[in-house]
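# Architecture at a glance
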Amino acid sequence: MIKKFFIFFFLFSFSNYLFCYKIDTVDVYSKSMNKIIKNIVIVPDGHNQFNKVPVVYLLHGAYGNYTDWTSKTKGLENYCDANNIMIVCPDGGYNSWYFDSPIDSSYLYETYITKELIYYIDKNYYTRVDKESRAISGLSMGGHGALYLAFRNLQVFGSAGSMSGGLDIRPFYKEWNISDRLGDIRKFPENWEKNTVINYVDSLKKTNLNLIIDCGKDDFFLEVNENFHKNLTENNIDHVYKIKEGRHNWHYWNKSVYDHLNFFNNFFNFAR
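Residues numbered from 1 in each chain as written. Predicted model: local features only at pLDDT ≥ 70, side-chain atom pairs only at ≥ 80, totals over all residues. Heavy atoms only, no water.

### Focus: the pairing of strand β6 (residues 159-163)
Rule in force here: Note on classification: 1.4 Å probe, protein chains only; a residue is buried when its accessible area is under 20% of the maximum for its type, exposed when over 50%, partly exposed between these limits. Runs of E in the DSSP output that reach at least two residues are strands. Runs of H or I that reach at least four are helices, and both are numbered from the N terminus. Two strands qualify as a pair provided DSSP detects at least 2 bridges between them. The crossover handedness rule: strands pointing away from the viewer, path from first strand over the helix to second strand clockwise, crossover right-handed.
Within β6, five of the five residues are buried, leaving the element largely enclosed by the surrounding structure. Judged by which residues are buried, β6 turns out to be covered on both faces: Ser 159, Gly 161 and Met 163 on one side and Ala 160 and Ser 162 on the other are all buried. Pairing between strand β5 (residues 134-138) and β6: two bridges, direction parallel. Looking across to β6, one finds that Ile 136 is bridged to Ala 160. With helix α5 (residues 141-152) bridging β5 and the parallel β6, this β-α-β connection has right-handed handedness.

### A closer look at the sheet that holds β5
Strand pairing within a sheet occurs via backbone hydrogen bonds; the two strands may be parallel or antiparallel. Keep this limit in mind: Only C-alpha atoms enter the line fits that serve as axes; for helices the fit covers just the stretch in contact. Angles between N-to-C directions range over 0 to 180 degrees. Contacts: residue pairs with any heavy atoms within 4.5 Å of one another.
With mixed pairing, the eight strands of this open sheet are ordered in space as β1-β2-β4-β3-β5-β6-β7-β8. Edge positions in the sheet fall to β1 (22-30) and β8 (240-244), since each of these pairs with one other strand and no more. Direction aside, neighbouring strands of the sheet carry axes that sit 20 degrees apart on average. Relative to strand β4 (residues 86-90), strand β3 (residues 55-59) is paired through three bridges, and the arrangement is parallel. By the bridge assignment for β4, Tyr 57 is matched with Val 88. Helix α4 (residues 109-124) rests against β1, β2 (35-43), β3, β4 and β5 of the sheet, and its axis sits at about 125 degrees to β1.

### Remarks on unusual backbone geometry
Phi is positive for Tyr 63, which is not a glycine, with a value near 65 degrees. If you check the backbone angles, Asn 95 has positive phi at about 50 degrees while not being a glycine.

### Concerning the nonpolar core
In a soluble, globular protein the nonpolar side chains are often hidden away together inside. Operational definition: What we call a nonpolar core is a set of buried Ala, Val, Leu, Ile, Met, Phe, Trp, Tyr and Cys residues that are connected through their side-chain atoms within 4.5 Å.
Core analysis: the largest hydrophobic core is formed by 59 residues, its most contacted members being Tyr 57, Met 86, Ile 136, Leu 147, Phe 151, Leu 211 and Phe 228. Among residues more than four places away in sequence, those in contact with Tyr 57 are Val 88, Leu 117, Ile 118, Ile 121, Arg 134, Ala 135, Ile 136, Ser 137 and Phe 157. Within the second largest apolar cluster, 26 residues are counted, among which are Ile 42, Leu 58, Tyr 79 and Ala 135.

### A look at the environment of Thr 196
By secondary structure assignment, the location of Thr 196 is in the loop between α7 (189-194) and β7 (210-216). As for Thr 196 and Asp 168, which are separated by 28 residues in sequence, their C-alpha atoms are 5.6 Å apart. Ignoring sequence-local partners within four residues, the contact set of Thr 196 consists of His 144, Leu 167, Asp 168, Ile 169 and Arg 170.

### Some points on the packing of aromatic side chains
Basically, it comes down to this: When two rings of Phe, Tyr or Trp (its six-membered ring) have centres within 6.5 Å they constitute a pair, described as stacked for plane angles under 30 degrees, edge-to-face for angles over 60, and tilted for the intermediate range. The criterion is that NZ of a Lys, or CZ of an Arg, lies within 6 Å of the ring centre and within 35 degrees of the ring normal, and then a charge sits over that ring.
Within the structure shown, the criterion is met by 18 aromatic pairs. An angle of 90 degrees between the planes, with centres 5.3 Å apart, marks the rings of Trp 250 and Trp 253 as edge-to-face. Within this pair, Trp 250 and its partner Trp 253 are both found in helix α9 (residues 250-271), separated by three residues, close to a single helical turn. Overall, the relative accessible area of 6% leaves Trp 253 in the buried class. Within the aromatic cluster, the residues linked to one another by ring pairs are Trp 97, Phe 172, Trp 176, Phe 220 and Phe 221. A cation sits over an aromatic face here: Lys 35 above Tyr 107, 5.9 Å from the ring centre. The positively charged end of Arg 181 is found above the aromatic ring belonging to Tyr 107, 3.8 Å away from the centroid.

### Observations regarding helix α3 (residues 76-83)
The criterion, for reference: Note: the arc covers the axis-to-C-beta directions of the helix.
Listed as buried for α3 are Leu 76, Glu 77, Tyr 79 and Cys 80. Down the axis of α3, the buried side of the element spans an arc of 165 degrees, and every buried residue falls inside it. Remark: Asn 84 follows α3 within two positions and exhibits a positive phi of approximately 55 degrees.

### Side note on the side chain of Asp 219
Quick reminder of the rule: A residue counts as positive if it is Lys or Arg and as negative if it is Asp or Glu; His and the chain ends are not included. Counted as salt bridges are all cases of a side-chain nitrogen of Lys or Arg within 4 Å of a carboxyl oxygen of Asp or Glu. Within 3.5 Å is the distance limit for a polar contact, defined as a pair of N or O atoms, with the added protein rule that one can donate a hydrogen and the other accept it, and that residues adjacent in sequence qualify only through two side-chain atoms.
Mapped onto the elements, Asp 219 comes out in the loop between β7 and α8 (222-234). Lacking a salt bridge, the buried Asp 219 has Arg 247 as its closest oppositely charged neighbour, with an N-O distance of 9.2 Å. Within the structure, Asp 219 has its side chain in polar contact with the backbone nitrogen of Phe 221 (distance 2.7 Å). Ignoring any residue separated from it by four or fewer positions in sequence, one finds Asp 219 in contact with Ser 164, Gly 246, Arg 247 and His 248.

### Looking at the confidence of the model for the chain
Quick reminder of the rule: Confidence scores here are pLDDT values: one per residue, from the predictor, ranging 0 to 100.
For the chain, per-residue confidence averages 92 on the pLDDT scale, and residues scoring 70 or more make up 92% of the total. Within the model, the stretch residues 1-19 combines pLDDT values under 50 with zero contacts to residues more than four positions away or in other chains.

Below, the structure written as C-alpha cells:
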C-alpha cells in the first residue's frame, strides 16, 4: 500500500511538472484587415491576477507562420515557466514584412500587432501593460519587423531584438514578395525608403530603447546587419551587437533566441 502511494505521488508530481504551463492557440479578429488571425500564446504557470507577467512577442520569418517558434525550438515553454514571462507568436501573413502596405489593404500587420493583438493579449491575460514589460524580436523577416515595429512605436515596446534580420530591404527588392507590398522600387522609391528599418535609426536618439542584434558570420544578411550596427554606433545609440558562428537557419535561431530571451528577462527584472 505504501509503495502504491509513493508511485501515485511521483506520477502526480511529475505530471504537474510537465503541465505547469499552457499553450493557447487564439484567434484574434483584425478589424483593420477584416479577418481572423491565429496566434500562439505560451502562458507560464504563475500567471494570475496577483502575478502579472511581462510579454515577449516573437515574429517568424518569410514563408513561416505562427507555429514556427513552438514547433522548431525546444524549451520555450519551460523557459516561460522558469522566468515567469509570456511569449506570444503572431502569424505575420505570407511575407508581410510586418508593415502596413501602402498598396494592399489586406496587409496591415503593423496595425494588427501594435494595436489589435497587443490590446487583445492585455485584455485577456494578466500582463504587465507598461512598455518596460513588453519586448519584441524575430528572425529574418521577423528581425526587420521587430525593430521596425519597435522603432515606430516607442511608446509600446521597451526592448527589441533582431536575429539574422533583413535590416535594409532595399538591396533585396526582387526577393520575398516585398515589391508586392510596396510596389516596384523604381516607380515607388518613397515606399521603400519609408518602410525599411535602417532609415528609422535617427528616431532613437532621444530614447532608451534596449536593443540586441545578432547575425551569423555566414549569413547572407550579414552586410546589412554590419551597416545597421555602424549606423547605430555613429549615432551613439546603445545596443548589443554580436556576430556569431552560423548561417541563416534554425540551427542558429534555436540558440540565438535564448540570448534574446535572457536579454529581455534581465531588462524586465531591472525595470521592475
